Amino acid sequence: MILDLDIGNTLSKWRLKDAESSEIRSRGAVWTREEWRPGADIPDLDVVEAVRISSVARAAVLEETVTLLRHKVRHVYVAHSTPEALGVVNGYEEPSRLGVDRWMGALAGYQLAGGCCAVDCGSAITIDFVLPGGVHLGGFIIPGLRLMKESLKLGTRNVAIDPESEADALLEPGRRTVDAVNHGIYMAAVSAINRIYSEVCDQQGITLPVLLTGGDARVVSRGVQVPHAVWPDMVYGGLEASFPLTFTERAGKMSGAPRVPEPVSLEKIRAGLAFSMLL
Ligand SMILES: Nc1ncnc2c1ncn2[C@@H]1O[C@H](COP(=O)(O)OP(=O)(O)OP(=O)(O)O)[C@@H](O)[C@H]1O
Ligand SMILES: CC(C)(CO)[C@@H](O)C(=O)NCCC(=O)O
Ligand SMILES: [K+]
């Protein structure tokens, strides 16, 4: 069994993948902290022969995790942001400073779609661009939905946006604090994503397929106007591409990869931008 670990600022997500059949056998998540406590929702390490890790938590968390795993598991692979990998050239001035979750997303998106706009809706929302040919332009970071809400300190931190909400309902003015806040941060996030996508496409003279991942990807997806696909396992896809272990991974396949969305024409994007400038 292969254990894939995506250690975020809030949650550490894991999945167990069958090394023979390439099927996903189980999944879980625990709060990111320094210790993996027995009894928590953690996988049985006795069946694991290899671990692949993407971590953006503090260095101590990763060290603790790797130390624990090295005792029990033969192969431990830790992903790092590098200047170049799998045909993608990291756009950061200091490539190692790019969050490795963003780097994994960019690599997975590029492997799947050629160029892409990779959006990760987690504790932060990150929007990264990779051109066909593999140039990573860099990206944008804004606070995630939960962080935006908590920063307001209006007593609404525990009322999440219902992931089943229709995007239209979220666009109406709120008539209670909780709705005003939820609708406001939702608009802030989706308008930023829509605008950033259009601006970068306009700058580059190209439209790119949009891929969404992260805990809030589903709800954000409803407000993203351009064609896009939700790929919950996009960061894991980067781990698979970076450290291919199974037969299908070596053939370049990533689990749960969506069909590549067909981007709209550049003319349409530019017309939308011109229209929003007029208002
Ligand atoms: N069970 C859950 N616990 C916490 N957050 C959840 C849960 N389900 C969905 N969410 C949403 O997912 C978001 C966190 O997403 P994700 O799990 O991708 O975060 P993360 O990977 O820890 O973030 P980052 O990688 O930016 O540090 C939160 O903003 C929250 O709104
Ligand atoms: C932005 C986050 C927190 C998103 O998970 C992560 O990618 C990170 O810590 N990045 C380091 C800073 C950067 O990417 O520029
Ligand atoms: K993440």
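As the structure is a computational prediction, the values presented were derived from the model and not from experiment.

Visitor: Any chance you could break down the sheet that holds strand S9 (residues 124-130) for me, citing the residues and the numbers?
Guide: Taken in spatial order, the five strands line up as S10-S9-S8-S11-S12 in an open sheet, and their pairing is mixed. Only two strands of the sheet have a single partner each, and these edge strands are strand S10 (136-143) and strand S12 (228-230). Neighbour to neighbour, the strand axes of the sheet diverge by 15 degrees on average, direction disregarded. Direction of pairing for strand S8 (residues 116-121) relative to strand S11 (residues 210-213): parallel, over a ladder of four bridges. Within S11, the position partnered with alanine 118 by the bridge is leucine 211. Contacts from helix H2 (residues 100-113) reach S8, S9, S10 and S11 within the one sheet, and its direction differs from that of S8 by about 140 degrees.

Visitor: Mind laying out the layout of surface pockets, listing which residues take part and the relevant values?
Guide: Approximately 1,200 Å³ is the volume attributed to the largest pocket. Lining the largest pocket are 49 residues, and of these Cys121, Gly122, Ser123, Gly214 and Gly215 sit closest to its centre. Contributions of two or more residues to the lining of the largest pocket are made by strand S2 (11-17), strand S3 (24-31), H2, S8, S9, helix H3 (145-152), helix H6 (217-221) and helix H7 (234-242). Residue classes in the lining of the largest pocket are distributed as 23 nonpolar, 13 polar and 13 charged. Each of two domains, domain 1 (2-78) and domain 2 (84-278), supplies a minimum of three residues to the lining of the largest pocket.

Visitor: Can you explain H2? Please cite residues and give values.
Guide: With 14 residues, H2 extends 19 Å between its outermost C-alpha atoms, agreeing within 8% with the 20 Å of an ideal straight helix rising 1.5 Å per residue. Judged by how many residues are buried, H2 sits mostly within the fold: eleven of 14 residues are covered. Burial in H2 covers these residues: Val100, Asp101, Arg102, Trp103, Met104, Gly105, Ala106, Leu107, Ala108, Gly109 and Tyr110. Directly after H2, the chain includes glycine 114, whose backbone phi takes a positive value near 75 degrees.

Visitor: Describe in detail helix H5 (residues 177-204), supporting the description with residues and values.
Guide: Compared with the 40 Å implied by 1.5 Å per residue over 28 residues, the 40 Å span of H5 between its first and last C-alpha is a close match. Looking one or two places after H5, you find glycine 205, whose phi comes out positive at around 65 degrees.

Visitor: So what's going on with the UniProt feature "binding site: substrate" (unreviewed entry) in the protein chain? Residues and values would help.
Guide: Per the UniProt record, the feature "binding site: substrate" (unreviewed entry) sits at Tyr92, Gly99, Val100, Asp101, Arg102 and Thr177. Look at the named residues: they lie 86 residues apart in sequence, and the longest C-alpha span between them is 39.4 Å, so in the fold they stay spread out. Here the residues from the annotation list that line the second largest cavity are Asp101 and Arg102. With respect to the helices, strands and loops of the structure, tyrosine 92 is situated in the loop between strand S7 (88-89) and H2. Tyrosine 92 gets classed as partly exposed once you look at its relative accessible area, which sits at 28%. With sequence-adjacent residues up to four places away left out, tyrosine 92 is seen in contact with Arg97, Leu98, Arg102, His136 and Ile141.

Visitor: Describe in detail the packing of aromatic side chains, supporting the description with residues and values.
Guide: Where two aromatic rings form a pair, the distance of their centres and the angle of their planes describe that pair. Tallied over the entire structure, the rule returns two aromatic pairs. Here the aromatic rings of phenylalanine 129 and phenylalanine 140 are separated by 6.3 Å at their centres, their planes lie at 80 degrees, and the arrangement is edge-to-face. A residue pair is termed long-range when its members are at least 10 positions apart, and phenylalanine 129 in strand S9 and phenylalanine 140 in strand S10 qualify at eleven residues. Take phenylalanine 129: its relative accessible area is 2%, and that puts it in the buried class. Here phenylalanine 140 falls in the partly exposed class, since its relative accessible area comes to 34%.

Visitor: Give a detailed account of the pattern of salt bridges, specifying residues and quantitative values.
Guide: Taken as a whole and judged by the stated rule, the model has 16 salt bridges. With a closest N to O distance of 2.8 Å, aspartate 233 and arginine 15 form a salt bridge. Residue aspartate 233 is located in the loop between S12 and H7, and its partner arginine 15 is located in strand S2; the two are separated by 218 residues in the primary sequence. Across this residue pair, the class does not change: aspartate 233 and arginine 15 are buried. Residue arginine 176 is joined to aspartate 179 by a salt bridge in which the shortest nitrogen-to-oxygen separation is 3.0 Å. Judged by relative accessible area, which is 53%, arginine 176 ranks as exposed. Owing to a relative accessible area of 21%, aspartate 179 belongs among the partly exposed residues under this scheme. Salt bridges sharing partners connect three or more residues here, namely Asp4, Arg15, Lys17, Arg27, Arg52, Asp233, Glu240 and Glu249.

Visitor: Tell me about the site of ligand 1, and please be specific about residues and values.
Guide: The local shell around ligand 1 holds 15 residues, among which Asn9, Thr10, Lys13, Ser123 and Asp216 are the closest. Within the contact set of ligand 1, an oxygen atom lies 2.4 Å away from a side-chain nitrogen or oxygen of lysine 13. The side chain of aspartate 216 places a nitrogen or oxygen atom 2.9 Å from an oxygen atom of ligand 1. Isolated, ligand 1 exposes 640 Å² of accessible area, and the fraction of that covered by the protein chains is 75%. Per-class residue counts for the shell around ligand 1 are four nonpolar, seven polar and four charged. Here the shell around ligand 1 spans two domains, since at least three of its residues come from each of domain 1 (2-78) and domain 2 (84-278).

Cut-off values and rules
Residues numbered from 1 in each chain as written. Chains lettered and ligands numbered in written order. Predicted model: local features only at pLDDT ≥ 70, side-chain atom pairs only at ≥ 80, totals over all residues. Heavy atoms only, no water. Pairing = 2+ DSSP bridges. Helix = DSSP H or I, 4+ residues; strand = E, 2+ residues; numbered from the N terminus. Axes fitted to C-alpha atoms, helices over the stretch in contact; angles between N-to-C directions. Contact = heavy atoms within 4.5 Å. 1 Å grid on protein atoms, 1.4 Å probe; cavity = no way out; pocket = protein on both sides within 12 Å on 5 of 7 lines; lining within 4 Å. Points joined across faces, edges and corners; volume = space filled by probe spheres on them. Nonpolar A, V, L, I, M, F, W, Y, C, P; charged D, E, K, R; others polar. Domains from an automatic or database assignment. Expected span 1.5 Å × (residues − 1). Buried < 20%, exposed > 50% of the residue type's maximum accessible area, 1.4 Å probe, protein only. UniProt positions renumbered as here; feature names shortened; annotations may be inferred. Phe/Tyr/Trp six-rings, centres within 6.5 Å; stacked < 30°, edge-to-face > 60°. Salt bridge = Lys/Arg side-chain N within 4 Å of Asp/Glu carboxyl O. Near = heavy atom within 4 Å. Polar contact = N/O pair within 3.5 Å; in protein donor to acceptor, adjacent residues only side chain to side chain. Areas by Shrake-Rupley, 256 points an atom, 1.4 Å probe, with all protein chains shown as cover.

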